[in-house]
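For reference, the chains in residue letters:
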Amino acid sequence: YCRLTGHAAPEVFHTNEGHAGFLGLERIAELCDEGLDFDAGLEAVRAGTVFTTHTPVPAGIDRFDRELVAQHFGPDAELPRIDVERILGLGMETYSGGGPNVFNMAVMGLRLAQRANGVSLLHGQVSREMFSGLWPGFDADEVPITSVTNGVHAPTWVAPEVFRLGSRQVGAERTEDAMTVGGSDRWDAVAEIPDGDIWELRRNLREQLVLEVRERLAASWRQRGAGTAELGWIDGVLDPDVLTIGFARRVPSYKRLTLMLRDQDRLMELLLHPERPIQIVVAGKAHPADDGGKRLIQELVKFADDPRVRHRIVFLPDYGMAMAQKLYPGCDVWLNNPLRPLEACGTSGMKAALNGCLNLSVLDGWWDEWFRPDFGWAIPTADGTATDDDRRDDLEAAALYELLEQRVAPRFYERGQGGLPDRWIEMVRQTLTHLGPKVLAGRMVREYVDRLYAPAARAHRALNPDTARESARWKARVRGAWHRVKVDHVEASAAPTSTAELGATLMLRVRVDLGELAPDDVEVQAVSGRVDSEDRITDAASVPLKPTSGPDEEGRWVYEGPLALDRTGPFGYTVRILPSHRLLASPAELGLLAVPSEETGEGAGVLMR
Ligand SMILES: *Cc1c(COP(=O)(O)O)cnc(C)c1O
């Protein structure tokens, strides 16, 4: 786009999921035209590319038949200057568990980018596990995929009424700054807004939603062929004083649009509760090719059509941004019940939060990271414990009903001395002050700039044609020579015993075989940390050891260094060898690693309890 508009020559390219991934190939082809070979071009492109993976749902990742890709990139097709085998090599699932003839766009994205991220803390963790095959030998927590939690554009999503209240109470400039610049100090001003004003705002937004829903519902019924005379009941749909729950989604199956229908009698009781009723606004949109999604919508529509409950639950078709803008502010509670951990981030709950709507959600995506009981509710999940999906849905739906009945509704309807739901209002306030500054797109962009774009720009500038060639040659040499890199022997100067004391230091001495490589090409590390019940090191910390002599007549090098026993409890250490080069962004980048073999034996992984 920058190139098309002549705006500037971009240094960093950010490919969101696989869809934009082929731009990396085009850029390699351009560099090849300028005289680089494929490998050097790949290095130059990787340096300035950031890849963001967006889904832990395998079906959400574009995977094509190898032949189809070969056809489009063959000698007579899109990029005739590039050997099609090299292109195919970027996307093939050449790791254990991968498909044999599959070209995977996310895999290509990761191989074309030196920096990568998921879109929430939890999704980062899930992605590191999901793609760990690309970095064999490394623990998932060392896989070089970080995370930047998504954010939303407050000026788009904050209702004008909310903005006006902020302006009136703390000034327009400060309100605008809070929404755009962010910063928790700017959001602290919400504390100054009186309870009565917050509650009046919430009532006003809810009432507007009720009117909006009635209009949309009438339009939808007319489209279904109903005449005006049959639609009188719509004037009684929803009540501006009833606890209003929103649920609006695209409807891929993991989002579980119909979880709330799991026990329809129970739901009906909640909707029709004599003192503490709830009302639910559901909106959805199925992908035209998604028959499963369409079936879920039909199920919901059927329930919502029932004359016994149709004044308390509505389904709005064709969920889109315009509808979403009206929907989020008017709801008191935003419900989200995906199958954990399949929601990469989720953003609708963030938009709701910016309007003082409380979140009631499974601990997935962003909510797993920022949930606190003083401003929302976590629906307990049975992931990992329930034996099958049906059972899991039963358990989680039951937990949802329980929360709605025992916690959410009582808090909404309880009144304090001034006739206001003081504790509810306090949760609204906490939602705004704690989540407001976090969920902003500005915070997200700042993180991308600091942690990914700026380092990528620096890496891009460091890779002129000469350094790109150097980097490519070095990687090829290291890959070719790695099979000979071995840890020969490890010894510690003080024999570790069960009385090893906190604060003591061990001297490690490690003999390594680097084959054709030299100490400049590698880092030899001592890795230590707490040991879990299966004798695996957790919370590992690594320190580099220093070469002290070598190569001896057998070509071995000796590395040494101190290892501080600075933790209590079961503790273990080992050593490992990694490639090392100033142009690497992560020591795991090449997916190469050498650890002591079983025979190295003594001292290679000592435990102290
Ligand atoms: C925010 C938004 C989404 C994303 O919602 P999540 O389910 O939270 O990911 C989808 N569609 C529209 C129209 C939105 O405004």
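Shown above is the structure to which this text applies.
Bear in mind the structure is a predicted one, so any value in this text is a computation, not a measurement. (Residues numbered from 1 in each chain as written. Predicted model: local features only at pLDDT ≥ 70, side-chain atom pairs only at ≥ 80, totals over all residues. Heavy atoms only, no water.)

Asks: Would you take a moment to explain the sheet that holds strand E7 (residues 243–250) for this structure?
Replies: Note: strands within a sheet are paired through backbone hydrogen bonds, in either parallel or antiparallel orientation. An order of E9-E8-E7-E10-E11-E12 is seen for the 6 strands of this open sheet, with the pairing classed as parallel. The two strands at the open ends of the sheet, each matched to only one other strand, are strand E9 (313–317) and strand E12 (376–379). Pairwise comparison of adjacent strand axes, ignoring direction, gives a mean angle of 20° for this sheet. When strand E8 (residues 278–285) meets E9, the two strands line up parallel, connected through 5 bridges. Residue Ala283 lies in a different strand from E9, and its bridge partner there is Leu316. Running at roughly 140° to E9, helix H14 (residues 291–305) makes contact with E8 and E9 of the sheet. (Pairing = 2+ DSSP bridges. Helix = DSSP H or I, 4+ residues; strand = E, 2+ residues; numbered from the N terminus. Axes fitted to C-alpha atoms, helices over the stretch in contact; angles between N-to-C directions. Contact = heavy atoms within 4.5 Å.)

Asks: Looking at this structure, how should I read the nonpolar core?
Replies: A general tendency of soluble globular proteins is for nonpolar side chains to be buried together. Of all hydrophobic cores here, the largest spans 109 residues; its most connected members are Leu360 and Trp424. When near neighbours in sequence (up to four residues on either side) are disregarded, Leu360 contacts Val333, Trp334, Leu335, Asn336, Trp377, Ile379, Leu400, Leu403, Leu404 and Val408. Ranked by size, the runner-up nonpolar core spans 29 residues in total, among them Trp482, Val510, Ala526 and Leu565. (Core = buried A, V, L, I, M, F, W, Y, C linked by side-chain atoms within 4.5 Å. Buried < 20%, exposed > 50% of the residue type's maximum accessible area, 1.4 Å probe, protein only.)

Asks: Just checking my understanding: could you explain the packing of aromatic side chains for this structure?
Replies: Two descriptors summarise a pair of aromatic rings, namely the distance from one centre to the other and the angle between the planes of the rings. Within this structure, the stated rule accounts for 13 aromatic pairs. Linked through ring pairs, Trp199, Trp377, Phe412, Tyr413 and Trp424 together constitute an aromatic cluster. Positioned over the ring face of Trp233 is Arg310, at 3.9 Å from the centre of the ring. (Phe/Tyr/Trp six-rings, centres within 6.5 Å; stacked < 30°, edge-to-face > 60°. Lys NZ or Arg CZ within 6 Å of the ring centre and 35° of its normal.)

Asks: I'm lost on the side chain of Thr15 in this one. Help?
Replies: Mapped onto the secondary structure, Thr15 falls in strand E1 (residues 13–16). Discounting chain neighbours no more than four positions away, the residues touching Thr15 are Ala20, Gly21, Leu23, Thr49, Val50, Phe51 and Thr52.

Asks: What's the story with the environment of Met260 in this structure? I'm lost.
Replies: Of note, Met260 is situated in the loop between E7 and helix H13 (264–271). Assessed through its relative accessible area of 2%, Met260 is described here as buried. C-alpha separation for the pair Met260 and Asn337, spaced 77 residues apart in sequence, amounts to 9.0 Å. Leaving out residues up to four positions away in the same chain, Met260 has contacts with Phe247, Leu267, Ile280, Val282, Ile313, Leu335 and Tyr401.

Asks: Is there a simple way to explain the pairing of E8 in this structure?
Replies: Walk down a regular strand and you will see the side chains alternate between the two sheet faces. Among the 8 residues that make up E8, 7 are buried, leaving the element largely enclosed by the rest of the structure. In this structure, E7 lies alongside E8, joined through 8 bridges in parallel fashion. Looking across to E8, one finds that Arg250 is bridged to Lys285.

Asks: I would appreciate a short explanation of the site of the ligand in the present structure.
Replies: All residues adjacent to the ligand are Trp157, Arg249, Lys255, Tyr319, Gly320, Met321, Ala324, Tyr328, Gly346, Thr347, Ser348 and Lys351. One of the side-chain nitrogen or oxygen atoms of Lys255 is found 2.7 Å away from an oxygen atom of the ligand. Taken by itself the ligand offers 390 Å² of open surface, and the protein chains cover 83% of this. Counting only elements with at least two residues in the shell around the ligand, the list comes to helix H15 (321–330) and helix H16 (348–353). (Near = heavy atom within 4 Å. Polar contact = N/O pair within 3.5 Å; in protein donor to acceptor, adjacent residues only side chain to side chain. Areas by Shrake-Rupley, 256 points an atom, 1.4 Å probe, with all protein chains shown as cover.)

Asks: Would you explain the packing of helix H2 (residues 22–33) against helix H3 (residues 38–47) in this entry?
Replies: Describing two packed helices takes the angle between their axes plus the distance from one axis to the other. At a minimum axis distance of 9 Å, the contact between H2 and H3 shows a crossing angle of 125°. One way to sum up the angle between H2 and H3 is to call them oblique. The handedness of the crossing between H2 and H3 comes out as right-handed. In contact with Gly24, Arg27, Ile28, Leu31 and Cys32 of H2, H3 contributes Phe38, Gly41, Leu42, Ala44 and Val45. By residue class, the composition of the contact of H2 with H3 is 7 nonpolar, 2 polar and 1 charged. (Parallel < 35°, antiparallel > 145°, perpendicular 65-115°, else oblique. Left-handed = near helix turned anticlockwise from the far one by under 90°. Nonpolar A, V, L, I, M, F, W, Y, C, P; charged D, E, K, R; others polar.)

Asks: Can you help me understand the side chain of Glu589 in this one?
Replies: Here Glu589 shows up in the loop between strand E19 (571–579) and strand E20 (606–608). On the basis of relative accessible area, Glu589 is assigned to the buried category, the value being 11%. Of note is the side chain of Glu589, whose polar atom sits 2.9 Å from the side chain of Lys475. Ignoring any residue separated from it by four or fewer positions in sequence, one finds Glu589 in contact with Arg46, Gln114, Trp135, Lys475 and Leu584.

Asks: I tried to follow the sheet that holds strand E14 (residues 505–513) on my own but got confused; where do I start?
Replies: Spatially, the 4 strands line up as an open sheet ordered E13-E14-E18-E17, and their pairing is antiparallel. With partners counted over all chains shown, the strands left at the sheet margins are strand E13 (486–492) and strand E17 (546–549), one partner each. Strand-to-strand twist in this sheet, taken as the mean axis angle between neighbours without regard to direction, amounts to 30°. Sheet analysis places E13 next to E14, joined by 6 bridges and oriented antiparallel. Each bridged residue has a counterpart across the sheet, and for Val490 the counterpart in E14 is Val510.

Asks: In this structure, what is going on with helix H4 (residues 66–73)? I would like to understand it.
Replies: Since there are 3.6 residues in each turn of an α-helix, residues three or four apart along the chain are aligned in direction. Regarding H4, the residues found buried are Arg66, Val69, Ala70 and Phe73. The arc that holds every buried residue of H4, seen down its axis, measures 100°, which confines them to one face. Those residues of H4 that are buried are in contact with H2, strand E3 (63–65), helix H5 (84–91) and strand E4 (102–104). (Arc of directions from axis to C-beta.)

Asks: Would you mind going over the pattern of salt bridges with me for this structure?
Replies: In a structure, side chains of opposite charge can pair up when their charged atoms sit close to one another. Enumeration according to the criterion identifies 48 salt bridges in this entry. The residue Arg392 makes a salt bridge to Glu396 at a minimum N-O spacing of 3.0 Å. Here the residue Arg392 and the residue Glu396 both occupy positions in helix H18 (residues 389–413), the gap between them amounting to 4 residues, near one helical turn. Accessibility assignment for this pair places Arg392 and Glu396 in one class, buried. Bridged by salt links that share partners, the residues Arg256, Arg262, Asp390, Arg392, Asp393, Asp394 and Glu396 form one connected network. (Salt bridge = Lys/Arg side-chain N within 4 Å of Asp/Glu carboxyl O.)

Asks: Would you take a moment to explain the packing of helix H9 (residues 160–170) against helix H10 (residues 172–180) for this structure?
Replies: The contact between H9 and H10 brings their axes to 7 Å, and the two run at 130°. Classified by the angle between their axes, H9 and H10 sit oblique to one another. For the pair H9 and H10, the contacting residues are Phe163, Gly166, Ser167 and Val170 in the first and Ala172, Arg174, Thr175, Glu176 and Met179 in the second.

Asks: Is there a simple way to think about unusual backbone geometry in this case?
Replies: Most peptide bonds adopt trans geometry, and most residues besides glycine take a negative phi value. With omega at 0°, the peptide bond leading from Arg340 into Pro341 counts as cis. Summarising the element assignment, Pro341 is placed in the loop between strand E10 (333–336) and H16. The residue after Gly550, namely Pro551, is reached through a cis peptide bond having omega -5°. Along the chain, Pro551 turns up in the loop between E17 and strand E18 (556–564). In the Ramachandran plot, Arg256 falls in the positive-phi region, its phi being about 50° despite a non-glycine side chain. Examined against the element boundaries, Arg256 turns out to sit in the loop between E7 and H13. Its identity is not glycine, yet Asp535 carries a phi of approximately 60°, on the positive side. The class for Asp535 is partly exposed, based on a relative accessible area of 41%.

Interpretation in functional terms is not warranted from these geometric data alone.
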